[in-house]
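Coordinates in review
These are the residues of each chain, in order.
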Amino acid sequence: MQRFIAVTIGSLALIMAGNALAQKNYPTRPVRVVVPFPAGGNVDVFSRVLFRYVEQDLGQTIVIDNRGGANSIVGSDIVAKAAPDGYTLLNTSFGFAVNPAIMKKMPFDVIKDFVPVTNVALGTGYLLVANNNFPAKTVKELIVLAKKQPVRYSTAGIGNGQHLAGALFAEKAGIEMLHVPYKGGGPAATAVLGGEVELHFPAGSVGVPHVKAGRLRALGFTGEKRLSSLPDVPTIAEAGLPGYVADAGWHGMFAPAKTPAAIVSRVQQAVHKALQIPQVRDHFLNGGYEPQGLPPAEWAKLFREDLKRYAEITRIAKIQAQ
């Protein structure tokens, strides 16, 4: 019996030593970062810039894996069920914190099944863009037109930040706008470009190139201040809807529950370091996002607070649980 206990303790010690070594040497192989949206959306665009530098710090390739569907739930569920070893991570939008308020049933618990890694960036707002054939050329003209005829706007999904921005705009303006959800920001932008809808609320990283190329017309910016990369585009409050402000939430990273704290900290530090690189910072700022990169404990606190905050916003926006 004593020998059995000794062998068991010895085996446990070896396992713990092996785990500690694995954490110390992490990563020893490529890391998969799941982006729960199709390619072309703002989270995807920013990820492909950011993680190019993060992988240099980690010394391993980072593979961006786009798994869109169900307003980020499909991709998030993959991470929730992945091994907690740091080799499958989630980089998502703040819709992750909105989903519990608008989805009657989800395959995971955002608190119990994930550990917060870091908040990558905070969005200052969205552009309000229109198809070039849309007759309204200003926010005021849009409001007048929408009181006479139906107007459609595309978003990356139900409960997405774009949806909240549009719903709050309609409520503030006293108009009705038909929400048309797509499976991600890329398809939603394609919809307004192709004339399937009249309007869209893209992040700057997606909308600015189209506006500068003349493919879409910018009517306003939802943030408190104008977007630095399009200084001539007024805020929506300036353009004719006083008091209207809608930020673009955040991009944040999560790992499967029980991922070792040492690995979580290693990833956070690498992300924070990459966000200090001038070309990375400029890319985020020009796209309407402020780089963040807080430590896991601070990010966890903010995330829990946002779960309550966005639940209240969805109530105000009258978004029904699906």
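Refer to the preceding data block for the structure.
Residues numbered from 1 in each chain as written. Predicted model: local features only at pLDDT ≥ 70, side-chain atom pairs only at ≥ 80, totals over all residues. Heavy atoms only, no water.

1. With respect to the nonpolar core
Across soluble globular proteins, you tend to see nonpolar side chains buried next to one another. If you look at the biggest cluster of nonpolar residues, it comprises 83 residues, and the most contacted ones within it are Leu50, Phe169 and Leu199. Look past the residues within four positions of Leu199 in its chain and what remains in contact with it is Leu128, Val129, Ala130, Phe134, Leu142, Val151, Arg152, Tyr153, Ser154, Met177, Val192 and Leu219. Judged by nonpolar contacts, the second largest core, of 13 residues, contains Val129, Val192, Leu216 and Leu227. (Core = buried A, V, L, I, M, F, W, Y, C linked by side-chain atoms within 4.5 Å. Buried < 20%, exposed > 50% of the residue type's maximum accessible area, 1.4 Å probe, protein only. Contact = heavy atoms within 4.5 Å.)

2. Things to note about helix α5 (residues 139-146)
Three or more residues of α5 are buried, namely Val139, Leu142, Ile143, Leu145 and Ala146. All buried residues of α5 project into a common sector of 165° when viewed along the axis, lining one side. (Helix = DSSP H or I, 4+ residues; strand = E, 2+ residues; numbered from the N terminus. Arc of directions from axis to C-beta.)

3. What to know about the sheet that holds strand β3 (residues 88-93)
Strand order in the open sheet formed by 6 strands is β2-β1-β3-β10-β4-β11, with mixed pairing between adjacent strands. Strands at the two margins of the open sheet, each flanked by one partner only, are β2 (62-66) and β11 (289-291). Averaged over all neighbouring strand pairs, the angle between strand axes comes to 30°, with direction disregarded. Bridge count between strand β1 (residues 31-35) and β2: 5 bridges; the pairing is parallel. Bridge assignment links Val33 to a residue of β2, and that residue is Ile64. Helix α11 (residues 278-286) rests against β4 (114-123) and β11 of the sheet, and its axis sits at about 150° to β11. (Pairing = 2+ DSSP bridges. Axes fitted to C-alpha atoms, helices over the stretch in contact; angles between N-to-C directions.)

4. Topic: empty space enclosed by the protein
Enumeration over the complete set of coordinates arrives at 2 cavities of 30 Å³ or more. In this structure, the largest cavity is lined by 18 residues; those nearest its centre are Phe37, Asn42, Val43, Ser93 and Asn160. Secondary structure elements with two or more residues in the lining of the largest cavity: α2 (42-58), α6 (161-173) and β10 (250-256). Element by element, the count of residues in the lining of the largest cavity is highest for α2, at 3 residues. In this structure, the second largest cavity occupies an estimated 30 Å³ of space. Taken together, Asn42, Gln162, Gly185, His200, Pro202, Ala203 and Val206 make up the lining of the second largest cavity. (1 Å grid on protein atoms, 1.4 Å probe; cavity = no way out; pocket = protein on both sides within 12 Å on 5 of 7 lines; lining within 4 Å. Points joined across faces, edges and corners; volume = space filled by probe spheres on them.)

5. Some words on the pairing of β10
Among the 7 residues of β10, 7 are classified as buried, and the element is accordingly described as predominantly covered. With 4 bridges joining them, β3 and β10 adopt antiparallel strand pairing. Paired with Ser93 across the strands is His251, a residue of β10. One ladder, built from 7 bridges, connects β4 with β10; its direction is antiparallel. Paired with Ala121 across the two strands is His251, which belongs to β10.

6. Thoughts on the packing of α6 against helix α12 (residues 296-316)
Relative orientation of the contacting elements α6 and α12 amounts to 45°, with a least axis distance of 10 Å. Overall, the two elements α6 and α12 adopt an arrangement that is oblique. For the element pair α6 and α12, the recorded crossing hand is left-handed. For the pair α6 and α12, the contacting residues are Leu164, Leu168 and Glu171 in the first and Ile313, Thr314 and Ile316 in the second. Of the residues that constitute the contact of α6 with α12, the class distribution is 4 nonpolar, 1 polar and 1 charged. (Parallel < 35°, antiparallel > 145°, perpendicular 65-115°, else oblique. Left-handed = near helix turned anticlockwise from the far one by under 90°. Nonpolar A, V, L, I, M, F, W, Y, C, P; charged D, E, K, R; others polar.)

7. Quick look at the packing of helix α4 (residues 95-102) against α12
One can describe the packing of α4 onto α12 by two numbers: an axis separation of 8 Å at closest approach and a directional angle of 55°. Our classification of the angle between α4 and α12 gives oblique. The chirality of how α4 crosses α12 is right-handed. Here Phe96, Ala97, Val98, Pro100, Ala101 and Ile102 of α4 lie close against α12, whose contacting residues are Phe303, Leu307, Tyr310, Ala311 and Thr314. Classifying every residue of the contact of α4 with α12 gives 10 nonpolar, 1 polar and no charged.

8. Thoughts on the sheet that holds strand β8 (residues 199-200)
Read from one edge of the open sheet, 5 strands run β7-β6-β8-β5-β9, paired in mixed fashion. Only two strands of the sheet have a single partner each, and these edge strands are β7 (178-181) and β9 (216-221). Pairing analysis gives 5 bridges linking strand β5 (residues 127-131) to β9, with the strands arranged antiparallel. By the bridge assignment for β9, Asn131 is matched with Leu216. Contacts from helix α8 (residues 204-212) reach β5 and β9, with the element oriented near 45° to β5.

9. Here's the deal with the side chain of Gln162
Turning to its location among the elements, Gln162 is positioned in helix α6. Relative accessible area serves as the criterion here: at 5%, Gln162 is assigned to the buried category. Dropping the residues within four chain positions of it, Gln162 is found in contact with Tyr126, Tyr153, Ser154, Thr155, Ala156, His200, Phe201, Pro202 and Ala203.

10. Structural notes on the pattern of salt bridges
Applying the stated criterion to the full structure yields 12 salt bridges. Across the pair Glu198 and Arg152 runs a salt bridge, and its minimum N-O distance is 2.5 Å. Of this pair, Glu198 sits in the loop between α7 (185-193) and β8 while Arg152 sits in strand β6 (residues 152-155); the two residues are 46 residues apart in sequence, bridging distant segments of the chain. We note a salt bridge from Glu238 to Arg226, for which the minimum N-O separation is 2.9 Å. Here Glu238 is found in helix α9 (residues 236-239), whereas its partner Arg226 is found in the loop between β9 and α9, with 12 residues between them in sequence. (Salt bridge = Lys/Arg side-chain N within 4 Å of Asp/Glu carboxyl O.)

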